[in-house]
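Analysis of the macromolecular model
For reference, the chains in residue letters:
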Amino acid sequence: MDTSLKEARAELAERAYRIRRNALLMGEVQGQGYIGQALDIADVLAVAYGRAMSFKPGDAEWEERDRFLLSNGHYAIALYAALIDAGIIPQEELETYGSDDSRLPMSGMASYTPGMEMSGGSLGQGLTIAVGRCLGLKRKASKSFVYTLFSDGELDEGAVWEGLMSAAHWKLDNLIAIVDVNNQQADGPSGQVMAFEPLVDKMEAFGWFTQRIDGNDLDAVIAAFDAARSYTGTKPRMIIADTRMGCGVPFLEAREKNHFIRVDEHEWQLALTALDAGRNA
Amino acid sequence: MNTNVQKPKLKTSAMIASIASEGQRTQSAPFGHALVELAARRPEVVGMTADLAKYTDLHIFAQACPERFYQMGMAEQLLMGAAAGLAHEGAMPFVTTYAVFATRRAYDFMHQAIAEEGLNVKIACALPGLTTGYGPSHQAAEDLALMRAMPGMTVIDPCDALEIEQMVPAVAEHDGPVYMRLLRGQVPLVLDEYDYKFELGKAKLLRDGRDVLIISSGIMTMRALEVARELARDKIDAAVLHVATIKPLDTATILREAGRGGRLVVVAENHSAIGGLGEAVATELLRAGISSPFRQIALPDAFLDAGALPTLHDRYGISTSVMTETLKGWLG
């Protein structure tokens with residue numbers, strides 16, 4: 001690894017740590033939340049906001065920005081954590097997460113939050129919106145990318161497959177989709193709720209430039225985002241990120257029912273301590 | 001957070017917020033238990049869900065009758081289509097998801113695959129009206145309007161655990177598609193004090209009164225009964241007519257009560273002011289030439305806020321306290 005990449009990697013590792021920390025602090029405000037998902041996707045968000053995407057912290061509507069569409073609205077706590085770290089949302093607002101009249105509601109909504117490009121919550125819609133945004137950007141001859149994050153559970157929704165097919169049909173080379181495969185949805189393990197493998201074969205058959213990585217291996221995430229951006233073909237780009245719920249906080253990672261985590265009051269400090277221990281290791 | 005400084009705890013939103021008020025008697029998962037009981041007598045009953053068994057109390061059925069439970073994944077269109085297919089082959093599917101996902105997302109599938117053929121599918125939907133503070137993605141403020149508009153659909157808005165328990169076997173007796181709002185988890189129990197018996201298509205006068213007639217459905221009946229008690233302290237005498245079946249509407253009972261004269265008629269509903277019980281009742285009164293003064297307590301025609309449920313019920317005027325004040329204002 002050359003020196004500049006080494007430095008960049010160290011910066012991104014710190015960023016991922018801060019995103020996890022922000023998410024835990026928000027969870028502590030409410031005593032609950034989709035913490036498992038926030039911890040699992042922190043590395044992806046660190047690379048997206050710390051390396052891959054163009055944006056202006058003070059101008060969330062900057063025309064030349066890359067768009068990030070959060071399809072899985074319940075991951076809002078993770079994206080808020082990243083937006084706070086990126087300077088798009090002021091740090092002070094962290095404490096209002098999920099509270100009455102906050103700009104940071106539990107489910108991500110575009111009308112509430114700077115930097116939130118779509119209203120999620122009703123799952124499986126992000127990719128369809130991303131297709132339209134990519135088409136719109138092409139009409140404007142824009143060089144911006146559209147990133148969209150969705151979850152393996154959303155693969156249950158037919159609309160996702162409509163989006164997958166149309167993105168290839170329209171040769172949306174400005175689309176980078178990330179699917180978070182943490183194998184955990186509301187009723188249980190995603191693969192048991194509705195079997196979705198083999199995912200790489202399916203995505204390739206649908207006409208996508210596809211990479212599958214360990215989404216909690218920072219080097220792999222960096223390489224995948226770099227490859228997705230530099231790929232010169234006309235296919236839309238897919239990053240399948242296998243992640244671990246609760247990643248970075250071992251005792252949360254070990255928790256069996258971690259789709260929606262309730263954390264006892266004393267455990268928040270333990271979680272932060274565990275996160276710090278991992279950072280210093 | 002800095003643990004040394006005690007800050008006032010902010011009111012929080014949650015997807016699954018209890019609608020039971022503090023100290024209220026509740027019953028756990030009445031739908032799930034009633035369905036298990038029904039299934040013991042009716043071998044054609046099957047349960048289906050779209051990744052929300054645990055959150056619609058259908059997990060009780062899934063545990064009791066695993067071979068009659070179908071997990072369709074988070075795919076509501078598939079859920080409705082497959083329910084239609086099963087019904088064609090002689091099964092009686094009880095289908096669960098959240099109200100928003102059934103009514104908004106799978107409307108066409110319910111319309112064409114289920115209702116148009118009059119199939120025997122019972123659709124039980126959690127988080128009806130404003131019963132979550134999670135935001136518009138999960139708040140079903142328009143579900144009754146949508147389902148009322150669907151030809152051939154029976155629409156039910158139960159009030160409490162007792163009613164849900166009685167509703168399950170009653171809809172099984174009814175041949176045809178049914179949309180029922182579902183209260184899940186720890187569900188308040190209030191109607192047992194009123195000698196109540198659910199009858200499909202029947203409105204029931206729970207309490208009589210001279211000054212105002214409150215016509216309500218669902219959790220608003222629970223609120224209306226509390227409001228009536230509050231108003232009694234001010235010597236205001238309120239009647240409460242509970243309309244659990246929104247469609248077909250018990251027009252005869254509604255017209256009889258509203259036509260008694262001298263009373264303000266108030267419709268209270270946990271639904272948008274557009275297309276719900278209020279407009280249904282108003283239409284019937286107008287058609288029958290009954291000109292009682294009429295008011296509506298309902299959710300606004302707006303995308304509702306995210307926030308803590310009690311805050312939102314206050315904000316939109318459907319909490320007991322705000323509703324009491326509103327009625328006092330109207331009654332001078």
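What counts and what doesn't
- Residues numbered from 1 in each chain as written.
- Chains lettered and ligands numbered in written order.
- Predicted model: local features only at pLDDT ≥ 70, side-chain atom pairs only at ≥ 80, totals over all residues.
- Heavy atoms only, no water.
- Helix = DSSP H or I, 4+ residues; strand = E, 2+ residues; numbered from the N terminus.
- Rg over C-alpha atoms; globule rule 2.2 N^0.38 Å.
- Buried < 20%, exposed > 50% of the residue type's maximum accessible area, 1.4 Å probe, protein only.
- Lys, Arg positive; Asp, Glu negative; His and termini not counted.
- Charge placed at Lys NZ, Arg CZ, Asp CG, Glu CD.
- Contact = heavy atoms within 4.5 Å.
- Areas by Shrake-Rupley, 256 points an atom, 1.4 Å probe, with all protein chains shown as cover.
- Axes fitted to C-alpha atoms, helices over the stretch in contact; angles between N-to-C directions.
- Parallel < 35°, antiparallel > 145°, perpendicular 65-115°, else oblique.
- Left-handed = near helix turned anticlockwise from the far one by under 90°.
- Nonpolar A, V, L, I, M, F, W, Y, C, P; charged D, E, K, R; others polar.
- Buried area = accessible area lost by both parts, 1.4 Å probe.
- Salt bridge = Lys/Arg side-chain N within 4 Å of Asp/Glu carboxyl O.
- Polar contact = N/O pair within 3.5 Å; in protein donor to acceptor, adjacent residues only side chain to side chain.
- UniProt positions renumbered as here; feature names shortened; annotations may be inferred.
- Core = buried A, V, L, I, M, F, W, Y, C linked by side-chain atoms within 4.5 Å.
- Expected span 1.5 Å × (residues − 1).
- Arc of directions from axis to C-beta.
- Pairing = 2+ DSSP bridges.
- Right-handed = clockwise from strand over helix to strand, strands pointing away.

**Topic: the overall build of chain B**
Looking only at helices and strands, chain B features 12 helices and 14 strands. Relative to the compact-globule value of 20 Å for 332 residues, chain B shows a C-alpha radius of gyration of 20 Å, a close match. For chain B, the spread of C-alpha atoms along the principal axes amounts to about 65 × 60 × 35 Å. When burial is assessed residue by residue, chain B has 60% of its 332 residues classed as buried. A gap of 5 Å separates the mean positions of the 31 positive and 38 negative side-chain charges of chain B.

**Re the overall build of chain A**
When helices and strands are counted, chain A shows 10 helices and 7 strands. For a compact globule of 281 residues, the expected C-alpha radius of gyration is about 19 Å, and chain A comes in at 18 Å, within 12% of that figure. If one aligns the C-alpha atoms of chain A with their principal axes, the spans along those axes are about 50 × 45 × 45 Å. Going through the 281 residues of chain A one by one, you find that 58% of them count as buried. If you take every contact in chain A between residues at least 6 apart in sequence, the share linking residues at least 24 apart comes to 74%. Carbon and sulfur atoms form 51% of the exposed surface of chain A, whose accessible area is close to 10800 Å².

**Quick notes on the packing of helix 2 (residues 35-52) of chain A against helix 8 (residues 218-230) of chain A**
Residues and elements named next belong to chain A. At a closest axis distance of 10 Å, the pairing of helix 2 and helix 8 adopts a crossing angle of 50°. Comparing their axes, helix 8 and helix 2 come out oblique. Crossing of helix 2 over helix 8 shows right-handed handedness. Each of D43, V44, V47, A48, R51 and A52 in helix 2 lies in contact with helix 8, whose residues at this interface are L218, V221, I222, F225, D226 and R229. When its residues are assigned to classes, the contact of helix 2 with helix 8 shows 8 nonpolar, no polar and 4 charged.

**Things to note about the interface of chain B and chain A**
Contact with chain B, which involves 35 residues of that partner, is made by 36 residues of chain A. Regarding the contact of chain B and chain A, the summed buried area is about 2800 Å², with carbon and sulfur atoms giving 46% of it. Between the two partners, chain B and chain A, sit 2 salt bridges. Close ionic contact of R105 of chain B with E157 of chain A constitutes a salt bridge, the shortest N to O distance being 3.7 Å. Linking chain B to chain A there are 15 residue pairs in polar contact (both at pLDDT 80 or more). The set of elements that each furnish at least two residues to the side of chain B that touches chain A consists of helix 4 (99-105) and helix 11 (309-315) of chain B. Per-class residue counts for the side of chain B that touches chain A are 16 nonpolar, 10 polar and 9 charged.

**A few points about the side chain of S137 of chain B**
Considering the arrangement of structural elements, one finds S137 of chain B in the loop between strand 5 (122-126) and helix 6 (143-148). Note on S137 of chain B: relative accessible area 10%, which makes it buried. With residues near it in sequence (within four places) discarded, S137 of chain B still touches S107, G120, G121 and S122 of chain A together with V100, F101 and R104 of chain B.

**Points about the UniProt feature "domain: Transketolase-like pyrimidine-binding" (unreviewed entry) in chain B**
Mapped onto this numbering, the UniProt entry annotates "domain: Transketolase-like pyrimidine-binding" (unreviewed entry) at residues 25-189 of chain B. Helix makes up 41% of residues 25-189 of chain B and strand 21%, with an end-to-end C-alpha separation of 6 Å.

**Digging into unusual backbone geometry**
Put simply, E197 of chain A and P198 of chain A share a cis peptide bond, and its omega is 0°. For P198 of chain A, the position within the fold is in the loop between helix 6 (190-193) and helix 7 (199-205). Residue K247 of chain B is joined to P248 of chain B through a cis peptide bond whose omega torsion reads 0°. The residue D51 of chain B is not glycine, and still its phi comes out positive at about 60°.

**Re the nonpolar core**
Counting residues in hydrophobic clusters, the biggest one holds 180 residues, and the most contacted among them are L24, Y49, F68 and F225 of chain A together with F94, I123 and I215 of chain B. Among the elements that line this core, the one with the most residues is helix 2 of chain A, at 12 residues. With near-sequence residues (within four places) excluded, F225 of chain A lies in contact with V44, V47, A48, A52, Y147, I178 and I239 of chain A. By size, the runner-up hydrophobic cluster in this structure holds 25 residues, among which are L69, A130, W161 and F196 of chain A.

**A look at helix 12 (residues 320-331) of chain B**
Residue and element names in this part refer to chain B. The first and last C-alpha atoms of helix 12 sit 16 Å apart over 12 residues, in line with the 16 Å expected at 1.5 Å per residue. Inspection of helix 12 places T320, M323, T324 and L327 among the buried residues, and these make up the whole buried set. Angularly, the buried residues of helix 12 cover 105° about the axis, an arc narrow enough to put them on a single face. Packing partners of the buried residues in helix 12 comprise strand 10 (212-216), helix 8 (219-233), strand 13 (264-272) and strand 14 (294-299).

**Some points on the pairing of strand 11 (residues 238-243) of chain B**
All names here are of chain B. For strand 11, the tally of buried residues reaches 6 of 6 residues, placing the bulk of the element in the interior. Pairing of strand 10 with strand 11 involves 5 bridges; the strand directions are parallel. Within the sheet, the bridge partner assigned to L213 lies in strand 11 and is A239. The parallel pair strand 10 and strand 11 is bridged by helix 8, and the resulting crossover is right-handed.

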